[in-house]
Amino acid sequence: MHWRFCKEGSTQYFSAQVPGTVQQDLLRHHKIPNPYWSTNVDSIQWVGKTNWIYQTQFDYPVQAPAKNHIQLIFEGIDTYAAIYFNNILLGTTDNMFRTWKFDISKLVKLQNNVLKVILYNVDQRADSIAKQYPTVLPCENTRNFVRKAQYQFGWDFAPRILTLGIWKPVTIVEGEEKEQVLTKHPTIELVQQVDSIGSSFYFKINKQAVFMKGANWVPADMFLPAISHDRYRHLLVAAKQAGVNMLRVWGGGIYEQDIFYQLCDSLGIYVWQDLMFAGAMYPSDSSFKQSVFAELNDNIKRLRKYQCIVLWCGNNEIDEAWHNWGWTKSYQLSDASKNELWNAYQLFFEKEIPALIHQLDDRPYIASSPKIGWGNDTSVYSGDMHYWGVWWGMEPISTYAKKVPRFMSEYGMQSVPNKKSLIKFLSNKDLHLAAPALLAHQKHATGFATINAYLKQENLTYSSFDTYIQATQQLQSKAVAIAATTQLHAAPYCMGSLVWQWNDCWPAISWSIIDYYGAKKKAYYTLKHIYNKPIKTK
């Protein structure tokens, strides 16, 4: 299919690539500057606030017997769209994670079929849904109302780029689709047993306890269709070579592309799979829930054939946020509101979602990660832990030697990428700490101040920008070395160590071990050295 696109209301069409995004198409036609260069990300925000039209025309030599069932299948549309086929509205979409199927048997012609997709801007939709919602839902913006990758609304390692597009393949299928044959996977047990200290948290694979050495995985680009198979391969082979045996697919991104799981299967890397919910309270009305149930049905059926998956996790940090982030105060929640929100949360993540998953797959499920926030002392003795006392809490990195949980599912320290990477998105005049272009690529509110405070704590000095880069990578390397070594040596008390974060979604100053361009930071080699040593567990 040859696609073309235009801004709604315009008659000027340009060639388009599907799968793709509007932003990538505009960039190819030099209609926007490279969003990753310098401070350009601010100048492309209009794209996500506009409606766009994608159109293609094709002939379809219909075979007589097949005429009874011809399906048009969109594997992924980002996000709000109306789909017209030969001027008939087939339907509308509102969930980026779903597969959309339409019966076109009675509409398809031998020649000149016209398929048109109108993509609607996300902000407007999200804001209007939020305004109509009867309860205040804690969230820093209206992303929680949209079934779209949450990091694209901006995160502490990601810019705000609201992509739109037909981001996965479009196909036409004749006849009935074959039901997928269920494949065997290893027997997996997540052992959460109350003991004399607290409660364990470890994986048994084929009845063997396995210490999980690994990292958190985020989407490898802001523009998802831009991630080539080679880039997935580079990042995952690097993980395998570093001794990584687990990656956690973080809940603010996407249910990954099949190539990710295929590679993890072949490399022997286990996958902890979050569902796509992070750090907010989500709607509990029936239309939102039905959309999520359809999304889970599509994705779990797609992913359950992969042996690498060892855990489904309902969300990232919502339980912790509810109990520790001060939402009651900042959102002025009444007691009635609090009860309503928490009951809705428990019903959704602790009853309805696991019930649906257990119908589709028999691997373990937990409602949230972590179970207990790092500010609470019991988090060290029970369940998995996201330890941010170092970094957010400004505690010295030596604290990693004392705060050893049963399973560390997040911890980390920021660093600046290698100079070779920096000059791919900054000009030479911007290679200094006060440069607005450099600051535009640091998305944590106090990122540089925090790095600088830790450099001081650790007596890591620098005399130039080049030595500053080295000092930050030395800092990250040292933090990771203390944490990973301590956690591995604490087996079998501690049975998992996952650093935040393995990779980057754009050129950034972040916690990544491998930067956006695939270049390894010093901490990569440190982890590789630690992870490749054998662990003695009882």
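Just above sits the structure.
Residues numbered from 1 in each chain as written. Predicted model: local features only at pLDDT ≥ 70, side-chain atom pairs only at ≥ 80, totals over all residues. Heavy atoms only, no water.

Enquirer: Now, about the sheet that holds strand 12 (residues 188-191): what can you tell me, with residues and values included?
Expert: Within the open sheet, the three strands sit side by side as 12-13-14. Their pairing is antiparallel. The open sheet has two free edges, formed respectively by strand 12 and strand 14 (208-210), since each of these has just one partner strand. Here the average twist between neighbouring strands, direction ignored, is 35 degrees. By the bridge criterion, three bridges tie strand 13 (residues 202-205) to strand 14 in an arrangement that is antiparallel. Within strand 14, the residue paired with Phe203 across the bridge is Val210. (Pairing = 2+ DSSP bridges. Helix = DSSP H or I, 4+ residues; strand = E, 2+ residues; numbered from the N terminus. Axes fitted to C-alpha atoms, helices over the stretch in contact; angles between N-to-C directions.)

Enquirer: Give me helix 5 (residues 286-303): which residues, what numbers.
Expert: For helix 5, which comprises 18 residues, the first-to-last C-alpha distance of 25 Å matches the rise-based estimate of 26 Å (1.5 Å per residue) to within 8%. Within the span of helix 5, buried status applies to Phe288, Lys289, Ser291, Val292, Phe293, Ala294, Glu295, Leu296, Asn299, Ile300, Arg302 and Leu303. Of the surrounding secondary structure, the elements contacted by the buried residues of helix 5 are strand 6 (88-94), helix 4 (258-267), strand 17 (270-274), strand 18 (309-313) and helix 8 (335-360). (Expected span 1.5 Å × (residues − 1). Buried < 20%, exposed > 50% of the residue type's maximum accessible area, 1.4 Å probe, protein only. Contact = heavy atoms within 4.5 Å.)

Enquirer: Any details on empty space enclosed by the protein? Residues and values, ideally.
Expert: In total, this model carries two cavities of 30 Å³ or more according to the counting rule given. The calculated volume of the largest cavity comes to roughly 140 Å³. Taken together, 15 residues make up the lining of the largest cavity; nearest its centre are Tyr282, Ser284, Leu341, Ala344 and Tyr345. Sorting elements by how many residues they give to the lining of the largest cavity places helix 8 first, with six residues. Taken together, the residues of the lining of the largest cavity sort by class into 11 nonpolar, two polar and two charged. Empty space within the second largest cavity amounts to approximately 50 Å³. If you go around the second largest cavity, the residues you meet are Ile44, Gln45, Gly48, Lys49, Asp123, Arg160, Ile161 and Leu162. (1 Å grid on protein atoms, 1.4 Å probe; cavity = no way out; pocket = protein on both sides within 12 Å on 5 of 7 lines; lining within 4 Å. Points joined across faces, edges and corners; volume = space filled by probe spheres on them. Nonpolar A, V, L, I, M, F, W, Y, C, P; charged D, E, K, R; others polar.)

Enquirer: So what about the nonpolar core? Which residues, and what values?
Expert: Of all hydrophobic cores here, the largest spans 164 residues; its most connected members are Phe74, Phe157, Phe260 and Trp502. It is helix 12 (residues 465-489) that provides the largest number of residues to this core, a total of 10 residues. Judged by nonpolar contacts, the second largest core, of 15 residues, contains Leu190, Ile205, Val210 and Trp272. (Core = buried A, V, L, I, M, F, W, Y, C linked by side-chain atoms within 4.5 Å.)

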